[in-house]
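Listed below are the residues making up each chain.
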Amino acid sequence: MKPSPFPGTPLLSGTDPDQKRRQILDYFHATFDRYELLFETLAGDEAYYVKPIPLRHPLIFYFGHTATFFINKLALAGLLERINPGFESMFAIGVDEMSWDDLSDARYDWPAVAAVCDYRRQVRAAVDRLIRAQPLSLPIGWDDPFWIVLMGIEHERIHLETSSVLIRQHHLKYVRPHPAWAPCRDSGVAPDNTLVDIPAAEFLIGRDRSAPQIYGWDNEFGTHEASTAAFKASRHLVSNREFLTFVAAGGYADDALWTEEGAAWKTFARAEHPTFWVRDGSQWRLRLMLEEVAMPWDWPVETNCHEARAFCAWKAHTGGQPVRLPSEDEWHALRRFAGIGDLPDALPPANLGLAHEASSCPVTRHAHGPLFDVVGNVWQWLETPTYPFAGFAVHPIYDDFTTPTFDDRHNLIKGGSWISCGNEAAPVSRYAFRRHFFQHAGFRYVVADVPASQPASRYETDHLISEYIEFHYGDEYFGVPNFPRALARLAIAAMGDRPARSALDLGCATGRATFELARHFGRVTGIDFSARFIGVGTQLAEQGSLRYTLTDEGELVSYKACALADLDLATVAPRVEFFQGDACNLKPLFTSYDLILAANLIDRLYDPALFLNTIHERLNPGGLLVIASPYTWLAEHTKREAWIGGFKKDGENFTTLDGLKALLAPHFRLLGEPRSVPFVIRETKRKFQHTLSEVTLWERT
């Protein structure tokens, strides 16, 4: 018997808390029921323990995973007690090839299906009691306990879809037809795909965390200013028939059509056609979730991202037009052109959210303006890797929902499929998968003269680099002012009325002082020996922002971001440039500066005397040299015989300041007395370096 209509994700506002509580309770039970109904398609217990594909756990994991998610998150929030700590550890993680996923069967003693069923009953009862008893006020916001309840429900709806894909990848002997999961039986002649003109557009993408309307995942919030040139989009999703022309033309054999990554996947998988296509003599059949059927040529083809990209490359090559997948911005432009709103409760008729059969359907069934299937039927692969919008922040209860995918390996999919429910059905949702993964996903193509933009999505995770990003652009600790900014201000004040045409920040690390000096100087050059440090400054100068992780304790990290605009430095970026270089052996072009700042540099040089004896050649007469250093002489950086101070000489203490005076005297005079400037470097959440750097000012004579 076909189940009753599946409820959509609830609005978070309203005037009747009791009614909203009942709605959430119905939403929870309907989702829990439907998820368990999916697993009724498995033909016996053995099907739970055989992996459908090597890159995933067996289905017993996913049967338990969504229930343990409720307990793990609600316990973290202090709203529920643990029910079965063993299950809540075993079933916690293992869904996306992340470094912490452990897919080795040898390390799991999977419980009996009946035991997991019993556990699910206990979880259902516990969450039911919580929903009934927890105080509820409207609207429900990001920090509300009911947000976490909805998080669990929406998470299970994600796995309703991803588990259905795994069941589709299971051997047919492990599945059986089910009346609640009957597929579409309609098929006809596939249409000729034509192009629709999409006009240029400018609009804002991103949701407001203070007024969320419906539940959303962290990556949906923030702001992104989109601007798209005019382009053409295929009227229909690419059908099985249209894709057959690519297969018949030898598209899988032609490596020139595939990216390097795609060709590697193709070779590894020995792919010669779409994964769900099945050869039957001279005919083709299509594997659905629970059965094989004669190929419905007018249904959308289902591929991974590599296959979709290769088809576009083939079509571009054979047709002489710039064919590719849409970008995220372009998908939103064509969605707006078709008149489709943001939220699922205002969507046009579509094969979405289990509103129809449990499969795809003909690409000609659901018109959305002049286009078809802008939403629904199958997900649509985009050319855009997932990335965070400006203002991105993780939810403290689920801080690793999206951040592990900020790696340029996960591409966005949009529009939803026949089984995409709840938040998944919202056009504002942002889901991404590894490019070799299969979802119920196909694609439409665009013809565009402008290449798809590739926003930076990567988080900087190198421990040392992240430490210095935080040191330069992050929080201030224990009331100690930002050190690079303090040095830049001190240097600018010391310049007085001297010319301020150009400055050199030597040993600039990640570049904060370089930007700060550009408030006063017409041109500032930042140089560092480390290309990794220079990469940070360059990215900030070019893109204005970056994201990084900070070690909290052990393997736990915090996710952070910095932006020049937030530091009032965006306008000076055009006056800044960064180069990799050796302070003891600079290229001749780095000369004629009015100021040189050498911050925490001299005690890290292999030949500080050489640097000090020649630095005047880089500085204009009357210019200033600012040296800051804690004088931490270490043999690992500077051989003992190359130290310029910090030792006994002729039986007396010979300090680094003594060495500076001796080496700089021929070309510089010391201005004023040395001063100490403190700085703090965060190593972990509970460990910090607090250091004093001695600053001296020298005028070239």
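Since the model is a prediction, treat every value here as computed from it, not as a measurement.

Visitor: Mind showing me how you'd approach the overall build of the protein chain here?
Guide: Counting its regular elements, the protein chain contains 16 helices and 27 strands. In terms of its C-alpha atoms, the protein chain occupies a principal-axis envelope of roughly 95 × 60 × 55 Å. Per-residue burial over the protein chain gives 57% buried out of 701 residues. For the protein chain, the share of sequence-separated contacts (at least 6 apart) that also reach a separation of at least 24 residues comes to 77%. By element, 52% of the accessible surface of the protein chain is carried by carbon and sulfur atoms, the whole surface being about 28800 Å². Taken as two groups, the 69 positive and 88 negative side-chain charges of the protein chain have centres that lie 1 Å from each other.

Visitor: Help me out: how do you make sense of helix α5 (residues 113-133) in this one?
Guide: Along an α-helix, a turn takes 3.6 residues, which lines up residues three or four apart on a common side. Over its 21 residues, α5 extends 30 Å from the first C-alpha to the last, a length consistent with the 30 Å expected when each residue adds 1.5 Å. Among the residues of α5, Val113, Val116, Tyr119, Arg120, Val123, Arg124, Ala126, Val127, Asp128, Leu130 and Ile131 are the ones counted as buried. Packed against the buried residues of α5 are α1 (17-39), α2 (46-49), α3 (59-76), α4 (85-90) and α6 (145-169).

Visitor: I tried to follow the sheet that holds strand β5 (residues 277-280) on my own but got confused; where do I start?
Guide: Strands in a sheet are paired, the pairing made by backbone hydrogen bonds, and the direction either parallel or antiparallel. With antiparallel pairing, the 3 strands of this open sheet are ordered in space as β5-β6-β7. Looking at the sheet topology across the chains shown, the edges are occupied by β5 and β7 (292-294). If you compare each strand with its neighbour and ignore which way they point, the axes differ by 40 degrees on average. Relative to strand β6 (residues 283-287), β5 is paired through 4 bridges, and the arrangement is antiparallel. Residue pairing for β6: arginine 279 is matched across the bridge by tryptophan 284. Along the sheet, helix α7 (residues 240-248) contacts β5 and β6; its crossing angle with β5, the most-contacted strand, is approximately 70 degrees.

Visitor: For this particular structure, what's the right way to read the pairing of strand β22 (residues 593-599)?
Guide: Side-chain positions along a regular strand alternate between the two faces of the sheet. With 7 of 7 residues buried, β22 lies mostly within the body of the structure. Examined bridge by bridge, strand β17 (residues 502-506) and β22 share 4 bridges and lie parallel to one another. Residue pairing across strands places aspartate 505 opposite leucine 597, the latter belonging to β22. Strand direction decides the pairing type here: β22 and strand β23 (residues 619-629), joined by 6 bridges, are parallel. When the bridges of β23 are listed, alanine 598 appears paired with isoleucine 627. Crossover β22 to β23 through helix α15 (residues 608-614) is right-handed.

Visitor: Is there a simple way to explain the nonpolar core in this structure?
Guide: One broad trend across soluble globular proteins is that nonpolar side chains are buried collectively. Ranked by internal contacts, the top residues of the largest apolar core, which has 111 residues, are Phe39, Leu160, Trp181, Phe243, Phe246, Trp277 and Phe443. Ranked by residues supplied to this core, first place goes to α6 with 11 residues. In this structure, phenylalanine 39 is in contact with Tyr48, Leu59, Tyr62, Phe63 and Ser163, ignoring residues within four places of it in sequence. By size, the runner-up hydrophobic cluster in this structure holds 45 residues, among which are Ile469, Ala488, Ala513 and Phe578.

Visitor: Can you help me understand α7 in this one?
Guide: Of the positions making up α7, those classed as buried are Asn240, Glu242, Phe243, Leu244, Phe246 and Val247. Its buried side turned inward, α7 meets β5, β6 and α9 (305-319). Downstream of α7 by one or two residues, glycine 250 has phi in the positive range, about 80 degrees.

Visitor: I would appreciate a short explanation of the pairing of strand β11 (residues 379-385) in the present structure.
Guide: Burial analysis of β11 places 7 of its 7 residues in the buried class, which makes it a mostly covered element. Sheet topology note: the β11/strand β14 (residues 441-442) ladder contains 2 bridges and is parallel. Following the sheet pairing, glutamine 380 is matched in β14 by glycine 442. Two strands pair when backbone bridges link them, and β11 and strand β12 (residues 410-414) are joined in this way by 3 bridges, in the antiparallel orientation. Across the sheet, tryptophan 381 pairs through a bridge with isoleucine 413, a residue of β12.

Visitor: Just to check I follow, could you spell out the packing of aromatic side chains for this structure?
Guide: Note on aromatic pairs: each is described by the distance of the centres and the angle between the planes. Counted by the stated rule, this structure contains 53 aromatic pairs. Across from the ring centre of phenylalanine 6, 3.9 Å away, lies the NZ or CZ of arginine 157, which sits over that ring. The positively charged end of arginine 430 is found above the aromatic ring belonging to tyrosine 387, 5.0 Å away from the centroid.

Visitor: Please explain the pattern of salt bridges as it appears in this structure.
Guide: Where charged atoms of side chains with opposite charge meet at close range, the side chains can pair. Scanning the model with the defined rule gives 35 salt bridges in all. In this structure, aspartate 475 and lysine 560 form a salt bridge, with 3.0 Å as the shortest nitrogen-oxygen distance. One end of the pair, aspartate 475, is in the loop between α11 (463-473) and α12 (483-495); the other, lysine 560, is in strand β20 (residues 556-563), with 85 residues separating them in the sequence. The class for aspartate 475 is partly exposed, based on a relative accessible area of 46%.

Visitor: Where do I start with the sheet that holds β22 in this structure?
Guide: The 7 strands lie next to each other as β21-β18-β17-β22-β23-β27-β26, forming an open sheet whose pairing is mixed. For this open sheet the edge positions go to β21 (576-580) and β26 (668-684), each flanked by a neighbour on one side alone. For this sheet, the mean angle separating the axes of adjacent strands, direction not counted, is 20 degrees. In this fold helix α16 (residues 656-664) packs onto β23, β26 and β27 (687-700), with an angle of close to 25 degrees to the strand it touches most, β27.

Visitor: How do you make sense of the environment of proline 608 when you look at a structure like this?
Guide: Tracing the backbone shows proline 608 in helix α15. When the C-alpha positions of proline 608 and phenylalanine 203 are compared, they lie 54 Å apart, and in sequence the two are 405 residues distant. For proline 608, the contacting residues outside a window of four places in its chain are Ile602, Trp633, Thr638, Ala642 and Ile644.

Visitor: Is there a simple way to explain the layout of surface pockets in this structure?
Guide: In this approach a probe as big as a water molecule rolls over the atoms, and the regions it shows empty are the leftover space. Taken as a whole, the second largest pocket spans an internal volume of roughly 970 Å³. Lining the second largest pocket are 38 residues; nearest its centre among them are Tyr468, Phe533, Asn600, Leu601 and Arg604. It is α11 that contributes the most residues to the lining of the second largest pocket, 5 residues altogether. A breakdown of the residues in the lining of the second largest pocket according to their chemical character gives 22 nonpolar, 9 polar and 7 charged.

Visitor: Honestly, the environment of leucine 172 in this entry has me stumped. Any pointers?
Guide: Its location among the elements puts leucine 172 in the loop between α6 and β1 (195-198). For the pair leucine 172 and cysteine 562, spaced 390 residues apart in the sequence, the C-alpha separation amounts to 51 Å. In this structure leucine 172 touches Arg287, Leu290, Glu291 and Glu292, once residues within four positions along its chain are discounted.

Reading guide: rules and limits
- Residues numbered from 1 in each chain as written.
- Predicted model: local features only at pLDDT ≥ 70, side-chain atom pairs only at ≥ 80, totals over all residues.
- Heavy atoms only, no water.
- Helix = DSSP H or I, 4+ residues; strand = E, 2+ residues; numbered from the N terminus.
- Buried < 20%, exposed > 50% of the residue type's maximum accessible area, 1.4 Å probe, protein only.
- Contact = heavy atoms within 4.5 Å.
- Areas by Shrake-Rupley, 256 points an atom, 1.4 Å probe, with all protein chains shown as cover.
- Lys, Arg positive; Asp, Glu negative; His and termini not counted.
- Charge placed at Lys NZ, Arg CZ, Asp CG, Glu CD.
- Expected span 1.5 Å × (residues − 1).
- Pairing = 2+ DSSP bridges.
- Axes fitted to C-alpha atoms, helices over the stretch in contact; angles between N-to-C directions.
- Right-handed = clockwise from strand over helix to strand, strands pointing away.
- Core = buried A, V, L, I, M, F, W, Y, C linked by side-chain atoms within 4.5 Å.
- Phe/Tyr/Trp six-rings, centres within 6.5 Å; stacked < 30°, edge-to-face > 60°.
- Lys NZ or Arg CZ within 6 Å of the ring centre and 35° of its normal.
- Salt bridge = Lys/Arg side-chain N within 4 Å of Asp/Glu carboxyl O.
- 1 Å grid on protein atoms, 1.4 Å probe; cavity = no way out; pocket = protein on both sides within 12 Å on 5 of 7 lines; lining within 4 Å.
- Points joined across faces, edges and corners; volume = space filled by probe spheres on them.
- Nonpolar A, V, L, I, M, F, W, Y, C, P; charged D, E, K, R; others polar.

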